[in-house]
Amino acid sequence: MAEQLTALDSETHRTLRIEKPAHERRHFVAIAPSEFAVAAASCPVLFAKRADTGAFYAAALMGFREGENLLAAAYGDASRFVPQDAIRQGLFIDGDHIAIDADHARFSHHSGDPLFEADGTPAPALHRIRRALTALAEGADETQKLVAALNAHRLIEPLDVSLQFDDGERIVLDGLYTVSLDALHDLDDAAVVALFRAGHLQLAHIMAASLRQLPLLAQARNRQLTMA
């Protein structure tokens, strides 16, 4: 069913409350460059291509199948990464305004945090959502600049990973891309300096280093299989 969006209004939605983000059940969630560092501490940060346009976007890999999130299994309470896209679930940017899907399961009039104070001013929950929406909007532009810079130096390469699990299933990570450290190390000094000054060099290294999280996620999946 299509989302029924309306403009968020302090009068219409004065008593509306929002539950905290549920434990993220998507295995692959788009993120902004400002999230790379905290995401990479728990999971791989990769590029993928949008099906409709073929444009690259960045996302956090939190599982290997639809509906599978392995962060809690891998890190327990140490996993603090909540994507901005999860924080803003149910709310969207619509031009200069915020639109809301009031039928989203996060909203009710009885439980959760209020969106508005009694006087109609935004409550802390709404401030958090606004920050998340802003980060995602700005992040889309930042990601395209990052992709353009990396592509200019042929630094984006397909991920070549096949994982064998204890139940005999083999999962090949198709359609995902990372940063080539070999190509990065072969750059001349001028290119490295340009990437550094633009803030792209650090993001590239974060993405490459985040691949270290793949074995930990695979181990977490095997532990779940053992417990099932």
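Look above for the structure.
Read on for a plain summary of the structure. (Residues numbered from 1 in each chain as written. Predicted model: local features only at pLDDT ≥ 70, side-chain atom pairs only at ≥ 80, totals over all residues. Heavy atoms only, no water.)

**Regarding the packing of helix 4 (residues 124–152) against helix 7 (residues 200–209)**
Then step 1. In contact at an axis separation of 10 Å, helix 4 and helix 7 are set at 85° when each is read in the N-to-C sense. One element, helix 4, and the other, helix 7, form an angle in the roughly perpendicular class. For the pair formed by helix 4 and helix 7, the contact residues are K145, L146, A149 and L150 on the first element and H200, L203 and A204 on the second.
Then step 2. Of the residues that constitute the contact of helix 4 with helix 7, the class distribution is 5 nonpolar, 1 polar and 1 charged. (Axes fitted to C-alpha atoms, helices over the stretch in contact; angles between N-to-C directions. Helix = DSSP H or I, 4+ residues; strand = E, 2+ residues; numbered from the N terminus. Parallel < 35°, antiparallel > 145°, perpendicular 65-115°, else oblique. Contact = heavy atoms within 4.5 Å. Nonpolar A, V, L, I, M, F, W, Y, C, P; charged D, E, K, R; others polar.)

**Notes on the pairing of strand 13 (residues 176–179)**
Then step 1. Covered by surrounding structure in strand 13 are L176 and T178 together with Y177 and V179, the residues of both alternating faces.
Then step 2. Summarising the sheet, strand 4 (residues 45–49) and strand 13 pair through 2 bridges and their orientation is antiparallel. Across the sheet, the residue bridging to F47 is Y177, located in strand 13.
Then step 3. Direction of pairing for strand 10 (residues 156–158) relative to strand 13: antiparallel, over a ladder of 3 bridges. (Buried < 20%, exposed > 50% of the residue type's maximum accessible area, 1.4 Å probe, protein only. Pairing = 2+ DSSP bridges.)

**Here's the deal with the environment of L150**
Then step 1. The topology assignment puts L150 in helix 4.
Then step 2. Here the alpha-carbon distance between L150 and L201, two residues 51 residues apart in the chain, equals 9.1 Å.
Then step 3. Ignoring anything within four residues of it in the chain, the contact list for L150 reads F47, L155, I156, V179 and A204.

**Description of the pairing of strand 7 (residues 97–100)**
For a regular strand, the rule is simple: side chains alternate between the two faces of the sheet.
Then step 1. Here strand 1 (residues 6–7) pairs with strand 7 via 2 bridges, running antiparallel. Bridging across to strand 7, T6 finds its partner in I100.
Then step 2. Following strand 6 (residues 91–94), the chain reverses through 2 residues before pairing antiparallel with strand 7; G95 in that reversal takes a positive phi of roughly 65°.

**Digging into the nonpolar core**
Generally speaking, a soluble globular protein has its nonpolar side chains buried in company with each other.
Then step 1. By size, the foremost hydrophobic cluster in this structure holds 50 residues, and its most contacted members are F36, C43, F47, F64, F81, L150 and L173.
Then step 2. Counting residues per element, this core draws most heavily on strand 5 (residues 56–61), which supplies 6 residues.
Then step 3. Not counting chain neighbours up to four residues away, the residues in contact with F47 comprise F56, Y57, A58, L146, V147, L150, I156, G175, L176, Y177 and M207.
Then step 4. Counting residues in each nonpolar core, the second largest holds 13 residues, with L16, L91, I98 and I129 among its members. (Core = buried A, V, L, I, M, F, W, Y, C linked by side-chain atoms within 4.5 Å.)

**Concerning the packing of aromatic side chains**
Then step 1. Inspection of the entire model under this criterion finds 4 aromatic pairs.
Then step 2. For the pair F56 and Y177, a centre-to-centre distance of 5.0 Å together with 85° between the ring planes defines the contact as edge-to-face. With a gap of 121 residues between them, F56 in strand 5 and Y177 in strand 13 connect regions that are remote in the sequence.
Then step 3. With a centroid separation of 5.6 Å and 55° between ring planes, the pair formed by F64 and F165 is classed as tilted. (Phe/Tyr/Trp six-rings, centres within 6.5 Å; stacked < 30°, edge-to-face > 60°.)

**What to know about the sheet that holds strand 8 (residues 107–108)**
Then step 1. An order of 8-2-9 is seen for the 3 strands of this open sheet, with the pairing classed as antiparallel. Strands with a single pairing partner mark the edges of an open sheet, and in this sheet they are strand 8 and strand 9 (113–114).
Then step 2. The pairing of strand 2 (residues 17–18) with strand 8 spans 2 bridges and is classified as antiparallel. Following the sheet pairing, R17 is matched in strand 8 by S108.

**As for the side chain of D85**
Then step 1. Looking at the secondary structure, you find D85 in helix 3 (residues 84–87).
Then step 2. At 2.8 Å, the side chain of D85 forms a polar contact with the side chain of R26.
Then step 3. When residues no more than four places from it in sequence are discounted, the contact partners of D85 are R26, V29, A30 and L136. (Polar contact = N/O pair within 3.5 Å; in protein donor to acceptor, adjacent residues only side chain to side chain.)

**Section: the environment of P122**
Then step 1. With respect to the helices and strands, P122 occurs in the loop between strand 9 and helix 4.
Then step 2. For the pair P122 and L176, spaced 54 residues apart in sequence, the C-alpha to C-alpha distance is 39 Å.
Then step 3. The residues touching P122, leaving out its near neighbours within four places in the chain, are L115, F116, E117, H127 and R130.

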